[in-house]
Amino acid sequence: KRSHDTNVAKQVKRVVTEIPMVYWTLDGWTVELMYQERGPKGIDYKRLVMVVVLDVWTKYPIGYAIGDRETPELIKQANRNALLHVKELFGEVYRPVQVQSDRYQLKNLTPFYQAMTHLHTPAAVGNAKAKVIEPYFKYLNKTYCQLLPNWTGFNVTASRNNQPNIEFMDKIKGTFPGKDGVVQQITMFMERERANKQEQYVSTWPQLPEERKQTMGVQEWLEVFGQPIGGTNRLTGEGLVKQLGGVKYVYDSFDPEFRRLMHLDWQVYADTTDMSRVLVKSTDGQKRFVLNTVREVPMDIMTMTDEDRAYLQSVRDFNNERKEEIAELYGYDADMTRAIVADSPLNLNNDEELAVKTMLTVNGQQKERLQDAKRLGNESGERRAESGRAIAMPTKQERDDWEARQEQRMKNTIDFNFFTS
């Protein structure tokens with residue numbers, strides 16, 4: 001089937017859309033540059049892997065990452081490098097319209113691809129022709145790597161004329177670079193690739209329709225590229241404090257909803273290259289907030305800037321608003337409690353119930369009122385003025401009637417068979 005699809009089946013000829021950010025493709029390549037590394041049995045000769053994210057228009061290397069082997073993490077690093085480079089070119093982190101990938105770790109990486117692009121299209125199994133990035137690797141190898149003394153050739157099936165001179169390489173092997181040297185070589189020619197193609201690439205940016213220029217927000221960025229740091233933390237008056245590498249970071253937000261959740265534990269996610277903002281998630285994953293580092297303000301007034309004073313005022317305003325909210329909440333609760341107490345019969349035979357209800361009638365003077373109320377219990381049916389209001393004391397018959405009505409209401413509204421079945 002694979003041979004038929006490649007050599008016999010009718011093929012579709014496709015053309016490149018001459019607009020940037022429309023179609024990205026990515027893949028890993030074992031770079032044909034050798035480096036030396038001392039191992040347990042002497043000197044080892046190794047090669048590095050580079051994951052390249054290629055914008056098909058002008059074959060522009062929009063992103064790349066270098067590592068020992070291709071891994072999901074290296075793929076994420078290459079895409080992160082691509083989006084950061086987009087910000088350098090166009091001022092914002094814009095999503096590409098479409099990203100094509102191979103099927104490596106597809107189940108694991110699909111949510112990642114879907115988060116960073118409008119449309120993710122994995123290549124069909126065995127369809128190498130759909131991957132335009134393969135010829136690009138051959139171009140890099142011939143244009144840049146072949147000129148370097150530590151070049152290792154094309155592949156084992158290539159002509160001898162396209163392979164390095166083994167005798168010559170053996171003579172100069174003592175001058176081969178180390179791992180860091182090869183990383184510098186790769187970085188150098190990839191940056192040169194960008195420089196050669198950047199002007200043409202950027203000049204066509206206005207041709208991308210405005211509705212397709214969708215940015216990735218801070219929260220979305222941290223959802224995709226953020227890594228959990230340390231264990232969970234709780235918010236304090238100072239903020240949410242994290243210790244990382246001996247450095248203290250304090251984060252907070254002016255979102256009132258976040259301040260109302262001081263009782264929750266938070267897991268912190270950060271892009272460790274930029275610790276100015278973090279994403280925090282509640283342990284159940286239901287609550288999420290982006291926090292900024294807390295601004296440090298001088299102790300003295302003389303060295304304060306206008307920005308410092310504006311920040312101080314914003315903190316004061318925020319705290320005053322929260323106090324008003326709490327006062328309103330307490331006032332509402334108090335009103336509801338008074339209404340419930342006023343409509344509830346007073347059981348003078350239950351000291352705990354009596355204590356709770358009488359303490360709500362006078363500002364903090366419940367002890368005297370409790371004693372007064374107990375004396376009233378001996379004068380059933382009488383009235384006593386308290387806080388300017390007359391309170392009718394229920395008779396025993398009234399209390400019994402009320403309890404009977406409550407019991408009947410429970411029987412009418414609750415199916416007790418449900419609890420016993």
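Nothing here was measured: the structure is a model prediction, and the numbers come from that model.

1. Here's the deal with the sheet that holds strand β12 (residues 274–282)
Okay, step 1: Spatially, six strands are ordered β8-β11-β12-β13-β10-β9 in an open sheet, and the strand pairing comes out antiparallel. The outermost strands of the open sheet, each flanked by one partner alone, are β8 (227–228) and β9 (240–244).
Okay, step 2: Pairing geometry for β9 and strand β10 (residues 247–252), over five bridges, is antiparallel. Within β10, the residue paired with Leu244 across the bridge is Val247.
Okay, step 3: On top of the sheet, helix α7 (residues 218–225) reaches β8, β11 (266–271), β12 and β13 (288–293); it is set at about 80° to β12, its chief contact.

2. Regarding the packing of aromatic side chains
Okay, step 1: If you walk through the whole model with that rule in mind, you get 17 aromatic pairs.
Okay, step 2: Here Phe258 and Phe289 contribute two aromatic rings whose centre-to-centre distance is 5.3 Å and whose plane-to-plane angle is 55°, an arrangement assigned as tilted. Placement of Phe258 in helix α8 (residues 256–259) and of Phe289 in strand β13 is noted, with a sequence separation of 31 residues between them.
Okay, step 3: In this structure Phe258 comes out as buried when scored by relative accessible area, which is 0%.
Okay, step 4: Residue classification places Phe289 among the buried positions, given a relative accessible area of 10%.
Okay, step 5: One aromatic cluster is present, formed by Tyr60, Phe90, Tyr94, Tyr201 and Trp205 through successive ring pairs.
Okay, step 6: The positively charged end of Lys281 is found above the aromatic ring belonging to Tyr269, 4.6 Å away from the centroid.
Okay, step 7: Positioned over the ring face of Phe318 is Arg322, at 4.5 Å from the centre of the ring.

3. Details of the nonpolar core
Okay, step 1: By size, the foremost hydrophobic cluster in this structure holds 37 residues, and its most contacted members are Met21, Trp24, Ile62, Leu83, Phe90 and Tyr201.
Okay, step 2: Elements supplying a minimum of two residues to this core: β1 (23–30), β4 (49–55), β5 (60–67), α2 (72–90), α3 (106–116) and α7.
Okay, step 3: The leading source of residues in this core is α2, at eight residues.
Okay, step 4: Aside from chain neighbours lying at most four places away, what touches Phe90 is Met21, Tyr201, Val202 and Trp205.

4. Remarks on a nonpolar patch on the surface
Okay, step 1: A cluster of nonpolar side chains, namely Ile326, Leu329 and Tyr330, defines an oily patch on the protein surface of about 330 Å² accessible area.
Okay, step 2: Mapped onto the elements, Leu329 comes out in helix α9 (residues 306–343).
Okay, step 3: For Leu329, a relative accessible area of 46% translates into the label partly exposed.

5. Thoughts on α3
Okay, step 1: Every buried residue of α3 is accounted for by Leu106, Leu109, Phe112, Tyr113 and Met116. An end-on view of α3 places all buried positions within 125° of arc, on one side of the element. Set apart from the buried face of α3 by more than 90 degrees, the exposed residues are Lys107, Pro111 and Gln114.
Okay, step 2: Residues of α3 that are buried make contact with β1, α2, β6 (98–101), β7 (119–122) and α7.

6. Describing the environment of Val99
Okay, step 1: With respect to the helices and strands, the residue Val99 is situated in strand β6.
Okay, step 2: C-alpha separation for the pair Val99 and Thr121, spaced 22 residues apart in sequence, amounts to 6.3 Å.
Okay, step 3: Each residue touching Val99, except ones within four places of it in the same chain, is listed here: Trp24, Leu26, Thr117, Leu119, His120 and Thr121.

7. Observations regarding unusual backbone geometry
Okay, step 1: The phi dihedral of Met21 falls on the positive side, at around 70°, and the residue is not glycine.
Okay, step 2: Relative to the elements of secondary structure, Met21 occurs in the loop between α1 (2–7) and β1.

8. Points about the sheet that holds β6
Okay, step 1: Spatial strand order, β5-β4-β1-β6-β7: five strands in an open sheet with mixed pairing. For this open sheet the edge positions go to β5 and β7, each flanked by a neighbour on one side alone. Neighbour to neighbour, the strand axes of the sheet diverge by 20° on average, direction disregarded.
Okay, step 2: Pairing between β4 and β5: seven bridges, direction antiparallel. Within β5, the residue paired with Val49 across the bridge is Gly67.
Okay, step 3: Here α2 sits on the sheet and contacts β1, β4 and β5; the angle it forms with β5, its principal contact strand, is near 140°.

9. Remarks on the packing of α2 against α3
Okay, step 1: Close contact between α2 and α3 brings their axes to 11 Å; oriented N to C, the two are set at 5°. The pairing of α2 with α3 is recorded here as roughly parallel in orientation. Contacts between α2 and α3 involve Pro72, Ile75, Lys76, Asn79 and Leu83 on the former and, on the latter, Asn108, Leu109, Phe112, Tyr113 and Met116.
Okay, step 2: Residues belonging to the contact of α2 with α3 are distributed by class as follows: seven nonpolar, two polar and one charged.

10. Regarding the pattern of salt bridges
Okay, step 1: Going through the model one piece at a time under the given rule, you end up with 20 salt bridges.
Okay, step 2: Connected through salt bridges with shared partners, the residues Glu257, Arg260, Lys287, Glu321, Arg322 and Glu325 form a single ionic network.

11. What to know about the pairing of β11
Okay, step 1: The element β11 is extensively covered by neighbouring structure, given that six of its six residues are classed as buried.
Okay, step 2: Judged by which residues are buried, β11 turns out to be covered on both faces: Trp266, Val268 and Ala270 on one side and Gln267, Tyr269 and Asp271 on the other are all buried.
Okay, step 3: In this structure, β8 lies alongside β11, joined through two bridges in antiparallel fashion. Bridge pairing in β11 links Pro228 to Tyr269.
Okay, step 4: Linking β11 back to β12 in an antiparallel pair, the connection comprises two residues.

Rules of the game
Residues numbered from 1 in each chain as written. Predicted model: local features only at pLDDT ≥ 70, side-chain atom pairs only at ≥ 80, totals over all residues. Heavy atoms only, no water. Pairing = 2+ DSSP bridges. Helix = DSSP H or I, 4+ residues; strand = E, 2+ residues; numbered from the N terminus. Contact = heavy atoms within 4.5 Å. Axes fitted to C-alpha atoms, helices over the stretch in contact; angles between N-to-C directions. Phe/Tyr/Trp six-rings, centres within 6.5 Å; stacked < 30°, edge-to-face > 60°. Buried < 20%, exposed > 50% of the residue type's maximum accessible area, 1.4 Å probe, protein only. Lys NZ or Arg CZ within 6 Å of the ring centre and 35° of its normal. Core = buried A, V, L, I, M, F, W, Y, C linked by side-chain atoms within 4.5 Å. Patch = residues over 30% accessible without salt bridge, like charges linked within 9 Å, V, L, I, M, F, W, Y side chains within 5 Å. Areas by Shrake-Rupley, 256 points an atom, 1.4 Å probe, with all protein chains shown as cover. Salt bridge = Lys/Arg side-chain N within 4 Å of Asp/Glu carboxyl O. Arc of directions from axis to C-beta. Parallel < 35°, antiparallel > 145°, perpendicular 65-115°, else oblique. Nonpolar A, V, L, I, M, F, W, Y, C, P; charged D, E, K, R; others polar.

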